[in-house]
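Fold and contact review
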Amino acid sequence: MSNIDTRSVNAIRVLAADAVQKANSGHPGLPLGSAAMAYELWAKHMKHNPKDPQWENRDRFILSGGHGSTLLYSLLHLFGYGLTVEDLKNFRQMDSLTPGHPEYRHTAGVEATTGPLGAGMGMAVGMAMAEAHLSAIFNEEKYPVVDHYTYVLGGDGCMMEGISSEAFSLAGTLGLSKLIVLYDSNQISIEGSTDIAFTENVQKRMEAFGFQILTVEDGNNLEEIGKAIEEAKADKSRPSFITVKTQIGYGCPAKQGKASAHGEPLGEENVSALKENLGWPADSSFYVPEDVYENYKALAAQGADAEEEWKKLFADYCAVYPDKKELWDTYHNEELAKKAYNCEEYWKYEDKPEATRNLSGKQLQKLKNLLPNLIGGAADLSPSTKTYMNDMGDFSKENYAGRNLHFGVRELAMTAIGNGIMLHGGLRAFVSTFFVFSDYTKPMARLSAIMGVPLTYVFTHDSIGVGEDGPTHEPIEQLAMLRALPNFHVFRPADATETAAAWYSAVTSMRTPTALVLTRQNLPQLAGSSKEALKGAYILQDSAKETPDAIIIASGSEVELAVGAREELLKEGMDVRVVSMPSMDIFEEQSDEYKESVLPKAVRKRVAVEALSDFGWGKYVGLDGTCVTMKGFGASAPAKQLFEKYGFTIDNVVKAVKSL
């Protein structure tokens with residue numbers, strides 16, 4: 001190891017320790033232990049250009065152990081991504097570019113929001129899948145225009161979380177050879193030695209998943225780390241797992257190898273001792289020698305050169321393959337899906353009762369042709385969720401060009417992988433499972449919302465209409481759970497037109513994920529349904545009076561009940577308005593004037609009808625209104641009997657309106 005390399009590694013350590021100490025908050029242990037492997041990777045093996053963080057053919061790096069964010073921020077500062085020393089000094093402070101955990105879209109060079117351990121592992125698998133698919137679509141002999149690696153760094157906690165096993169099991173099955181995992185193995189967790197809860201042979205597990213297994217005994221040996229990375233890159237049939245044995249808090253005499261180094265500042269005296277131990281001025285603060293900065297500057301220039309070479313290759317490729325250039329532009333056109341709005345064929349449907357999951361499947365067959373970059377699948381449920389795109393092939397180790405993804409029964413990893421595909425760029429992804437299992441997707445759905453990644457979720461079997469499978473498979477509280485997520489659209493359509501609107505809303509969204517919540521049972525096509533559904537709620541059938549006697553609000557399968565109840569009430573001299581509300585979230589984004597036009601404050605007699613939890617409906621029915629909703633978990637019986645048992649009948653809705 002050259003002297004300049006040694007001091008460049010130590011610069012990462014010192015900046016990380018100073019940042020945590022100044023904030024009096026953070027996690028110095030991982031950055032101190034992992035600095036050498038991170039430097040070796042970024043300096044000598046990873047293809048990236050700080051002057052263009054969005055370069056399409058850059059290698060991707062995810063810090064799955066997001067608590068060690070100062071490692072990443074130090075790298076971004078030293079390589080010249082735009083983070084200043086002042087930014088490092090503002091670590092974990094209000095409105096800084098250096099928040100406690102890395103945040104996508106917030107800090108240049110951060111590829112994914114991480115913090116929930118293991119999440120980065122799943123997203124890295126998604127990025128590697130995206131690279132494999134795009135390379136299969138675009139690359140031609142002598143023109144590897146899509147050719148890059150995905151690196152992910154995480155520790156013992158990431159490997160304990162079940163999501164990593166889910167994701168890596170699939171990665172091995174798919175033979176994602178451009179996925180390289182760097183395992184920071186320091187055998188320490190917050191509560192002490194990992195032996196108290198984690199004694200398995202991680203390498204054997206990863207070998208069983210189908211990974212190439214490599215080990216670096218000394219986490220400070222740059223030469224050995226570099227050799228392992230190159231060996232990983234040389235394997236063209238398997239993803240690689242590199243165990244790098246490190247010491248948490250390396251360099252700090254009082255903290256090295258101890259659990260106390262994990263999640264608290266080292267303390268002023270220990271920071272000084274660290275610096276002295278590393279040959280740094282003990283009384284310095286955020287100090288980096290000029291020759292170290294120059295070293296990083298020279299390394300960054302190599303990345304800029306690599307991008308220039310790629311641009312020349314891509315220009316030649318476009319000249320030789322103009323049809324591929326046109327397709328490339330189509331894949332990267334975020335406005336493409338908006339063409340569906342004025343496409344008559346897109347909105348066409350058969351006037352017959354049909355489940356919205358089936359209607360969704362038909363919309364998907366239309367969208368697959370409009371959007372050639374649409375890719376996705378289900379957690380072993382595509383025949384039930386109707387999410388298989390006909391004639392588009394299956395993504396597999398033998399055929400990365402396939403657009404149908406088979407995630408297996410891995411809902412949590414599926415969602416992280418979907419996020420990773422979207423984060424990679426160039427593709428539009430969807431994931432799918434039964435609505436009750438949205439519980440398994442929730443942590444990664446939350447990350448979708450935080451990152452502003454417009455992943456589409458197709459959730460079917462949306463209520464007690466599931467029937468015979470019983471309460472374990474009948475969602476009740478899930479709709480309220482997802483509606484509670486900020487920056488997340490939940491769309492529960494009532495018929496074909498609203499289902500088409502739901503898909504349109506999902507694939508045209510730029511910064512908000514969307515869940516389509518769909519029925520198993522058949523529903524009629526409703527008179528009055530329209531593209532107004534894109535506003536979240538609209539008047540489906542109106543009162544002849546200027547001020548309706550009452551308003552019935554419903555979503556999905558219960559809109560049919562609201563329409564039937566209105567007809568019965570008219571016979572008794574009550575003239576009510578029916579409002580279809582497929583998306584509370586989108587309705588809340590409309591103007592106050594529009595919301596008042598649909599739900600005028602003057603009408604206080606309101607009934608909400610939905611075969612799920614009533615949580616959240618109070619906002620729309622008010623103190624004077626009521627709800628026809630579920631109060632328990634359902635039962636095992638034919639759907640029709642369940643709807644009758646729990647009061648989802650026209651007579652009961654009429655009774656609820658008249659009771660006000």
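Right above here is the structure, for reference.
Reading the values: rules and limits
Residues numbered from 1 in each chain as written. Predicted model: local features only at pLDDT ≥ 70, side-chain atom pairs only at ≥ 80, totals over all residues. Heavy atoms only, no water. Helix = DSSP H or I, 4+ residues; strand = E, 2+ residues; numbered from the N terminus. Rg over C-alpha atoms; globule rule 2.2 N^0.38 Å. Buried < 20%, exposed > 50% of the residue type's maximum accessible area, 1.4 Å probe, protein only. Contact = heavy atoms within 4.5 Å. Areas by Shrake-Rupley, 256 points an atom, 1.4 Å probe, with all protein chains shown as cover. Lys, Arg positive; Asp, Glu negative; His and termini not counted. Charge placed at Lys NZ, Arg CZ, Asp CG, Glu CD. 1 Å grid on protein atoms, 1.4 Å probe; cavity = no way out; pocket = protein on both sides within 12 Å on 5 of 7 lines; lining within 4 Å. Points joined across faces, edges and corners; volume = space filled by probe spheres on them. Pairing = 2+ DSSP bridges. Axes fitted to C-alpha atoms, helices over the stretch in contact; angles between N-to-C directions. Parallel < 35°, antiparallel > 145°, perpendicular 65-115°, else oblique. Left-handed = near helix turned anticlockwise from the far one by under 90°. Nonpolar A, V, L, I, M, F, W, Y, C, P; charged D, E, K, R; others polar. Core = buried A, V, L, I, M, F, W, Y, C linked by side-chain atoms within 4.5 Å. Expected span 1.5 Å × (residues − 1). Phe/Tyr/Trp six-rings, centres within 6.5 Å; stacked < 30°, edge-to-face > 60°. Lys NZ or Arg CZ within 6 Å of the ring centre and 35° of its normal. Salt bridge = Lys/Arg side-chain N within 4 Å of Asp/Glu carboxyl O.

**Points about the overall build of the protein chain**
A count of helical and extended segments in the protein chain gives 25 helices and 20 strands. Taking 2.2 N^0.38 as the reference for a compact globule, 660 residues should give roughly 26 Å; the C-alpha atoms of the protein chain span a radius of gyration of 28 Å, in line with that estimate. For the protein chain, the residues scored as buried account for 61% of the 660 residues in total. Residue pairs at least 24 apart in sequence account for 77% of intrachain contacts in the protein chain once pairs closer than 6 positions are excluded. On the protein chain, roughly 24,900 Å² of surface is accessible, and the fraction owed to carbon and sulfur atoms is 49%. Of the charged side chains in the protein chain, 64 are positive and 87 negative; the average position of the first set lies 3 Å away from that of the second.

**A look at empty space enclosed by the protein**
Scanning all chains against the criterion turns up two cavities of 30 Å³ or more. Roughly 80 Å³ of internal volume is contained in the largest cavity. Residue lining of the largest cavity: W42, M46, H48, N49, D52, P53, R58, D59, F61, Y81, G109 and E111, and that is the complete set. Along the walls of the second largest cavity sit F61, I62, L63, L72, P102, V110, E111, A112 and T114, which together make up its complete lining.

**Details of the sheet that holds strand β12 (residues 456-460)**
Strand order in the open sheet formed by six strands is β10-β9-β11-β12-β14-β13, and the pairing between neighbours is parallel. Across the chains shown, the open sheet's two edge strands, defined by having one partner strand only, are β10 (404-406) and β13 (489-491). Going from strand to strand, the sheet's axes swing by 20 degrees on average, the running direction of each strand aside. Together, β9 (374-378), β11 (428-434), β12 and β14 (514-517) form the strand contacts of helix α14 (residues 356-370), whose direction differs from that of β9 by roughly 150 degrees.

**Quick word on the side chain of T499**
Inspection of the secondary structure assignment puts T499 in helix α19 (residues 496-508). Apart from the residues lying within four places of it in its own chain, the contact partners of T499 are T356, L359, S360 and P493.

**Some details on the packing of helix α16 (residues 411-424) against helix α17 (residues 438-451)**
The geometry of α16 relative to α17 is characterised by a closest axis approach of 6 Å and an angle of 20 degrees between their N-to-C directions. By the angle class used here, α16 and α17 are roughly parallel. The interaxial crossing formed by α16 with α17 has right-handed handedness. For the pair α16 and α17, contact is made by E411, L412, M414, T415, A416, N419 and L423 and by Y440, T441, P443, M444, A445, L447, S448 and M451, respectively. Classifying every residue of the contact of α16 with α17 by side-chain character gives ten nonpolar, four polar and one charged.

**Some words on the nonpolar core**
By size, the foremost hydrophobic cluster in this structure holds 80 residues, and its most contacted members are F168, L176 and L179. Excluding anything up to four places from it in sequence, L176 contacts V125, A128, M129, A132, A171, R238, P239 and Y400.

**Notes on unusual backbone geometry**
Although it is not a glycine, D95 adopts a positive phi angle of roughly 65 degrees. Structurally, the position occupied by D95 is in the loop between α4 (85-89) and α5 (119-138).

**Side note on α5**
Taking 1.5 Å per residue, 20 residues should reach 28 Å; α5 reaches 29 Å between its end C-alpha atoms and fits that length. Most of α5 is tucked away, with 19 of its 20 residues classed as buried.

**As for the packing of aromatic side chains**
Tallying each qualifying case throughout the model produces 34 aromatic pairs. With a centroid separation of 6.3 Å and an interplanar angle of 65 degrees, the aromatic rings of F587 and Y594 are classed as edge-to-face. Of the two residues examined, F587 and Y594, each falls in the buried class. Here a set of aromatic residues connected by ring pairs shows up, and it is made of W55, F138, Y143, W310, F314, Y317, Y321, W328 and Y331. Positioned over the ring face of Y341 is K531, at 4.1 Å from the centre of the ring. Above the plane of the ring of Y646 lies K645, whose end atom (NZ or CZ) is 5.4 Å from the centre.

**Observations regarding the sheet that holds strand β17 (residues 550-554)**
Whenever strands of a sheet pair, they do so through backbone hydrogen bonds, lying parallel or antiparallel. Ordered by their spatial adjacency, five strands build an open sheet running β16-β18-β17-β19-β20, and the pairing between neighbours is mixed. Each of the sheet's edge strands pairs with one partner strand only, and the pair in question is β16 (538-541) and β20 (626-630). With direction set aside, neighbouring strand axes in the sheet form an average angle of 25 degrees. Here four bridges tie strand β19 (residues 606-613) to β20, and the two strands are oriented parallel to one another. Of the residues in β20, the one forming a bridge with V607 is T626.

**Notes on the pattern of salt bridges**
Taken as a whole, this structure holds 38 salt bridges when the rule is applied. Notably, a salt bridge pairs R492 with E558, separated by 2.7 Å at the nearest N-O pair. With R492 in the loop between β13 and α19 and E558 in the loop between β17 and α20 (559-571), this residue pair connects regions lying 66 residues apart in the sequence. Accessibility expressed as a relative area gives 0% for R492, which makes it buried. E572 is the partner of K658 in a salt bridge, and the nearest nitrogen-oxygen pair spans 2.7 Å. With K658 in helix α25 (residues 650-658) and E572 in the loop between α20 and β18 (576-580), this pair connects stretches of sequence that are 86 residues apart. Given the relative accessible area of 47%, K658 is considered partly exposed. The exposure class of E572 is partly exposed, given its relative accessible area of 47%.

**A short note on the layout of surface pockets**
If a probe as big as a water molecule is rolled over the atoms, it shows which places are left empty. The computed volume of the largest pocket comes to approximately 710 Å³. Surrounding the largest pocket, 35 residues form its lining, E334, M422, G425, G426 and L427 being those nearest its centre. If you list the elements that add at least two residues to the lining of the largest pocket, you get α5, α12 (322-331) and α16. In terms of residue count, the dominant contributor to the lining of the largest pocket is α16 (three residues). Taken together, the residues of the lining of the largest pocket break down into 18 nonpolar, ten polar and seven charged. Here the second largest pocket is characterised by a volume of approximately 350 Å³.

**Examining the pairing of strand β1 (residues 60-63)**
Side-chain alternation along β1 places R60 and I62 on one buried face and F61 and L63 on a second face that is also buried. Pairing between β1 and strand β2 (residues 150-155): four bridges, direction parallel. Opposite F61, over in β2, you have Y151 as the bridge partner.

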